[in-house]
Amino acid sequence: FREGRNDSKNEANEIAEEENQEDLEDQDLMENDEEMSEGEFVKRYYDPKDRTRKIPVELSIQYMESNAYRTTYGDDPVWKHYRRNLMGYGRRIPKTRKTCIRNDRIVTASPCPICRDIYLVLDYRNVALLKQFMNDYDGTIFETEMTGLCQKTHEKLLLEIEKAKDYGLLNLDAKRVYYEDNLYKH
Amino acid sequence: MYGLWRCLGRARGLQKINLDNFRQNSTAPARKKQTVFYMDEVQDILKSLTTVDIAKVFRPRKEGHKTERSTYQFLTTEELEKMQKEYDRRAREKLQMPPVMDERDPQGRVLEKDPLLVGFDNSKIVFTDITYGVADRERLIVVRDTDGTLRTADWDEQDRINLIYFPREECKHYVPPMFKPENLTDLMDQGQEKYEYILDRNCGQFEPDHPTFIRTAELVYNHINEKKNFRALESTRHYGPLIFFLCWSKQIDEFLIHQIIDKNMTGAVQTLKLYKIVHPGAPFEITEESDKKSLINFAKSSVSRRKRQILAALDRR
């Protein structure tokens, strides 16, 4: 039962990753890939639970515009069709797990929406991804109850959103400051 | 003998000439920006130029916290008028202009020098008076240096120490990277909506006489003047300071053209009046007979940089 829905998403992701890889064969992914032997790289590439490869942000931003992303997620935010495997019905919904990835490896059968797709990199420059986790009307950030992110990834998301605000990349409004004119007249 | 007395009398008379008159004819006014900005006539002009667009002032803002739902009410005509007056008043409050000031002079004076205290500690000790209700600018903060000097804090220390005891949500303890000039120009080229955001962040992060505050504001105003995006700041609290800056730096031509095209002749003449207050020796006349005449006077004067464009815009009008 646990393997059912989310594994099919993993398969779709694998196919998407393959397609993506074929399109970007000529690109240098990162130094670590070149340091590995080819056999080692291929083994890690095809291992769906391996997370030793760190995808650079620029690639992630390209991925968000790519066909692979579009066929996998369509128009919906990446967390929309993720369903947590909770115990029972009608119970108080507990916090999400602490982390999906330990020692550079996914240790769960149903990883959270960001951890399951290696090409979704949370970074202050990847505004398209960050916006999916924020409310369009007030600029609030969705809770993990809604998004299903593991706690570690949620912390990283909060950090990257704060950095993006520092660079002014998010379309938000700033808090209004009130001045006591008497202090400034001289 | 009589001639000598007359000369002396004249000399004494000459000494009574107000030196301000002499200074005002030079290129840069020596008065402080805040003195001019807070003059009643200037405030009146800036407030009347900042039109109140209720829809823009009370637009839903994305500030990162939950907002209340809007409500629908049934009102009689009197109640509606009363409510409109109340909201006009509230809008004026929201449109309070951030102060325009000169760069601050360095502060800090030595209270005591005590060389016997050398070596009492490896680091300085800061004493802060955390009385509630005192403005951050006026809070008493003193520093005992490692060489024994007791002095009041300089401006950077004042800003930092205030944040320790009275943190502000809109102010970070580091300078956010968006205030670097290269990042600012990138942001502004992205879209007009960023002007208000940058200026609001500016107000939250820095005091109005901080050098970075002034530099950021001037960068934004110059960008708006170049791209002629005056509408972006219309009906915001930054419209007044923008116009004040344009008058102070003698760059009102593009703005006047914008007002003429918008058919805002009274506004254009008020801008000219403001220019004359800021630069009293300006070589053009403002006539009461017609607004167009005053603008033509300005366009033909030596201080105008876009004579042809202003006259063309007036002709089309």
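Rules behind the numbers
Residues numbered from 1 in each chain as written. Chains lettered and ligands numbered in written order. Predicted model: local features only at pLDDT ≥ 70, side-chain atom pairs only at ≥ 80, totals over all residues. Heavy atoms only, no water. Helix = DSSP H or I, 4+ residues; strand = E, 2+ residues; numbered from the N terminus. Rg over C-alpha atoms; globule rule 2.2 N^0.38 Å. Buried < 20%, exposed > 50% of the residue type's maximum accessible area, 1.4 Å probe, protein only. Contact = heavy atoms within 4.5 Å. Lys, Arg positive; Asp, Glu negative; His and termini not counted. Charge placed at Lys NZ, Arg CZ, Asp CG, Glu CD. Salt bridge = Lys/Arg side-chain N within 4 Å of Asp/Glu carboxyl O. pLDDT = per-residue confidence, 0-100. 1 Å grid on protein atoms, 1.4 Å probe; cavity = no way out; pocket = protein on both sides within 12 Å on 5 of 7 lines; lining within 4 Å. Points joined across faces, edges and corners; volume = space filled by probe spheres on them. Nonpolar A, V, L, I, M, F, W, Y, C, P; charged D, E, K, R; others polar. Axes fitted to C-alpha atoms, helices over the stretch in contact; angles between N-to-C directions. Parallel < 35°, antiparallel > 145°, perpendicular 65-115°, else oblique. Left-handed = near helix turned anticlockwise from the far one by under 90°. Buried area = accessible area lost by both parts, 1.4 Å probe. Polar contact = N/O pair within 3.5 Å; in protein donor to acceptor, adjacent residues only side chain to side chain. Pairing = 2+ DSSP bridges.

## A few points about the overall build of chain B
Counting its regular elements, chain B contains 15 helices and four strands. Taking 20 Å as the expected radius of gyration for a compact globule of 317 residues, we find that chain B reaches 25 Å, considerably beyond that expectation. Counting only C-alpha atoms and orienting by the principal axes, one finds that chain B spans roughly 90 × 75 × 45 Å. When the 317 residues of chain B are sorted by exposure, 42% land in the buried category. Look at the contacts in chain B between residues 6 or more apart in sequence, and 65% of them connect residues 24 or more apart. Across chain B, the 53 positively charged side chains and the 49 negatively charged ones have centroids separated by 6 Å.

## Focus: the environment of Asp 40 of chain B
All names here are of chain B. In this fold, Asp 40 is placed in helix 4 (residues 40-49). Exposure remark for Asp 40: the relative accessible area of 57% places this residue in the exposed category. Spatially, the C-alpha atom of Asp 40 lies 52 Å from that of Asp 121, the residues being 81 residues apart in sequence.

## Let's talk about the pattern of salt bridges
Oppositely charged side chains can form a pair if their charged atoms are brought close together. All names here are of chain B. Counted under the stated rule, the structure contains 35 salt bridges over all chains. Between Glu 196 and Arg 61 there is a salt bridge, and its shortest N-O distance comes to 3.9 Å. Separated by 135 residues along the polypeptide, Glu 196 in helix 9 (residues 194-205) and Arg 61 in the loop between helix 5 (54-57) and helix 6 (77-94) bring together distant segments of the chain. Take Glu 196: its relative accessible area is 14%, and that puts it in the buried class. Across the salt bridge formed by Arg 89 and Glu 86, the nearest N and O atoms sit 3.0 Å from each other. Highlighted residues: Arg 89 and Glu 86, both in helix 6, separated by three residues, approximately one helical turn. For Glu 86, a relative accessible area of 30% puts it in the partly exposed group.

## Describing the side chain of Gln 151 of chain A
Here Gln 151 of chain A lies in helix 8 (residues 151-167). Here Gln 151 of chain A is in contact with Lys 95, Thr 96, Arg 97, Lys 98 and Thr 144 of chain A, once residues within four sequence places are set aside.

## Topic: the confidence of the model for chain A
Averaged over every residue, the pLDDT of chain A is 86; residues scoring 70 or more account for 81%. Here residues 25-31 of chain A scores under 50 on pLDDT; set against residues more than four positions off or in separate chains, the count is 10 contacts.

## Some points on the layout of surface pockets
Any empty space left between the atoms is revealed when a probe the size of a water molecule rolls over them. Residues and elements named next belong to chain B. Looking at the largest pocket, its volume works out to about 1,300 Å³. Secondary structure elements with two or more residues in the lining of the largest pocket: helix 5, helix 6 and helix 9. If one sorts the elements of the lining of the largest pocket by residue count, helix 6 sits on top with six residues. In terms of residue class, the lining of the largest pocket is built from nine nonpolar, nine polar and 15 charged.

## Observations regarding the packing of helix 13 (residues 265-278) of chain B against helix 14 (residues 291-300) of chain B
Residues and elements named next belong to chain B. It is at 9 Å that the axes of helix 13 and helix 14 come closest, and there the two elements cross at 45°. With respect to each other, helix 13 and helix 14 are oriented oblique. The interaxial crossing formed by helix 13 with helix 14 has left-handed handedness. Contacts between helix 13 and helix 14 pair Met 265, Thr 266, Ala 268, Val 269 and Leu 272 from the former with Asp 291, Lys 292, Ser 294, Leu 295 and Phe 298 from the latter. Split by residue class, the contact of helix 13 with helix 14 holds six nonpolar, two polar and two charged.

## Some points on empty space enclosed by the protein
Residues and elements named next belong to chain B. Enumeration over the complete set of coordinates arrives at two cavities of 30 Å³ or more. Reported here for the largest cavity is a volume of approximately 200 Å³. Taken together, 19 residues line the largest cavity, and the ones lying closest to its centre are Val 100, Phe 213, Ala 217, Tyr 221 and Pro 241. Looking at the lining of the largest cavity, the elements with two or more residues in it are helix 9, helix 10 (211-227) and helix 11 (239-248). Top contributing element to the lining of the largest cavity by residue count: helix 10, with five residues.

## Observations concerning the interface of chain A and chain B
Many structure descriptions define interface size as the accessible area lost when the parts assemble. Every contact between the two is made by 26 residues of chain A and, on the other side, 39 residues of chain B. Overall, the association of chain A and chain B removes approximately 3,100 Å² of surface from exposure, summing both partners, and the carbon and sulfur fraction of that is 48%. Our enumeration of links across chain A and chain B arrives at seven salt bridges. There are 22 residue pairs in polar contact (both at pLDDT 80 or more) connecting chain A and chain B. Residues of the side of chain A that touches chain B, tallied by class, amount to 11 nonpolar, five polar and 10 charged.

## Focus on the sheet that holds strand 2 (residues 125-128) of chain B
Residues and elements named next belong to chain B. Spatial ordering of the open sheet is given by 1-4-3-2, a layout of four strands whose pairing is antiparallel. The outermost strands of the open sheet, each flanked by one partner alone, are strand 1 (110-113) and strand 2. The average angle at which neighbouring strand axes cross in this sheet is 15°, direction not considered. Contacting strand 2, strand 3 (141-144) and strand 4 (149-152), helix 7 (residues 155-165) crosses the sheet at an angle of about 110° to strand 3.

## Remarks on the pairing of strand 4 of chain B
Residues and elements named next belong to chain B. Neither face of strand 4 is open: one carries Thr 149 and Arg 151, the other Leu 150 and Thr 152, and all of them are buried. The pairing of strand 1 with strand 4 spans three bridges and is antiparallel. The residue of strand 4 that forms the bridge with Glu 112 is Leu 150. Pairing between strand 3 and strand 4: three bridges, direction antiparallel. By the bridge assignment for strand 4, Arg 144 is matched with Leu 150. Counting the residues that bridge the hairpin from strand 3 to strand 4 gives four residues, and of these Gly 148 lies at a positive phi of roughly 95°.

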